[in-house]
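Chain by chain, the residues:
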Amino acid sequence: MFKQLTLALAITALLAGCSSPVKLDEAPVEDRSAGAIGTGPGGAGSNPTNQGGVAKVDLDAASANASGPVGVARIIYFDYDSYIVKPEFQSLIEAHSRFLRANPARKVVIEGHTDARGGSEYNLALGQKRAEAVRRAFALLGVGDSQVEAVSFGKEKPAVPGNTEDAYAQNRRAEISYRQ
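Residues numbered from 1 in each chain as written. Predicted model: local features only at pLDDT ≥ 70, side-chain atom pairs only at ≥ 80, totals over all residues. Heavy atoms only, no water.

Chemist: Would you mind going over unusual backbone geometry with me for this structure?
Modeler: In the Ramachandran plot, Asp81 falls in the positive-phi region, its phi being about 60 degrees despite a non-glycine side chain. Here Asp81 is to be found in the loop between strand S1 (75–77) and helix H3 (90–102). A relative accessible area of 42% places Asp81 in the partly exposed class. (Helix = DSSP H or I, 4+ residues; strand = E, 2+ residues; numbered from the N terminus. Buried < 20%, exposed > 50% of the residue type's maximum accessible area, 1.4 Å probe, protein only.)

Given below as structure tokens:
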């Protein structure tokens, strides 16, 4: 009886701690001062003449390069307990390498991941080896070391939850993540 009461109180405290008084559907505060740009009745961007020294940003042009090469996957999958890049991912690595060489100011982080099997330390090391294998492939294709960082998350950020072979296969990966 005491254990059930303690468990019920713990769950109640947890749920109360997770609640938020912030109302996400309420309108944001408006700045109604005379110098405010784009916050009046016309809403954001209601100042087409760009008065006040705020430069317009072309989001389409900026986002074209922000995400890396268009139409190219960003995930490289690995076999169980392996950090060897499989031949079927060579064209993916080559496409990202071409993009990075053409855009020397761009940087990527290669995130190494593992499935849930094995200890945390082992999986962090294996994830790092997977990320480093992709980084080395980029280097061999002419991408500068200053453009690429390799990190490991081990088994801490699974792409697919579960303990099935399919979930394991999808979690054994290296993800290419572009940074500004």
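Chemist: For this particular structure, what's the right way to read the packing of aromatic side chains?
Modeler: Centre distance and the angle of the planes are the two values used to describe a pair of aromatic rings. Tallied over the entire structure, the rule returns 2 aromatic pairs. With 6.2 Å between their ring centres and 55 degrees between their planes, Tyr77 and Phe89 make a pair best called tilted. Separated by 12 residues along the polypeptide, Tyr77 in strand S1 and Phe89 in the loop between S1 and H3 bring together distant segments of the chain. Judged by relative accessible area, Phe89 falls into the buried class, the value being 12%. Of note, Lys157 hangs over the ring of Phe153, and the distance from its end group to the ring centre comes to 4.2 Å. (Phe/Tyr/Trp six-rings, centres within 6.5 Å; stacked < 30°, edge-to-face > 60°. Lys NZ or Arg CZ within 6 Å of the ring centre and 35° of its normal.)

Chemist: How do you make sense of the environment of Asp115 when you look at a structure like this?
Modeler: Here Asp115 lies in the loop between strand S2 (107–113) and helix H4 (120–140). For Asp115, a relative accessible area of 3% corresponds to the buried category. As a C-alpha pair, Asp115 and Glu156 span 41 residues in sequence and 9.0 Å in three-dimensional space. Apart from residues lying up to four places away in sequence, Asp115 is in contact with Tyr80, Asn123, Lys155, Tyr168, Asn171 and Arg172. Polar side-chain contacts of Asp115 include one of 3.3 Å to the side chain of Arg172. (Contact = heavy atoms within 4.5 Å. Polar contact = N/O pair within 3.5 Å; in protein donor to acceptor, adjacent residues only side chain to side chain.)

Chemist: What exactly am I supposed to notice about the pairing of S2 here?
Modeler: Successive residues of a regular strand alternate their side chains across the two faces of the sheet. Most of S2 is tucked away: 6 of the 7 residues are buried. Pairing between S2 and strand S4 (residues 173–179): 6 bridges, direction antiparallel. Note on S4: the bridge partner recorded for Glu111 is Glu175. The pairing of S2 with strand S3 (residues 148–154) spans 6 bridges and is parallel. For Gly112, the partnering residue across the bridge sits in S3 and is Ser152. Crossover connection from S2 via H4 to parallel S3: handedness right-handed. (Pairing = 2+ DSSP bridges. Right-handed = clockwise from strand over helix to strand, strands pointing away.)

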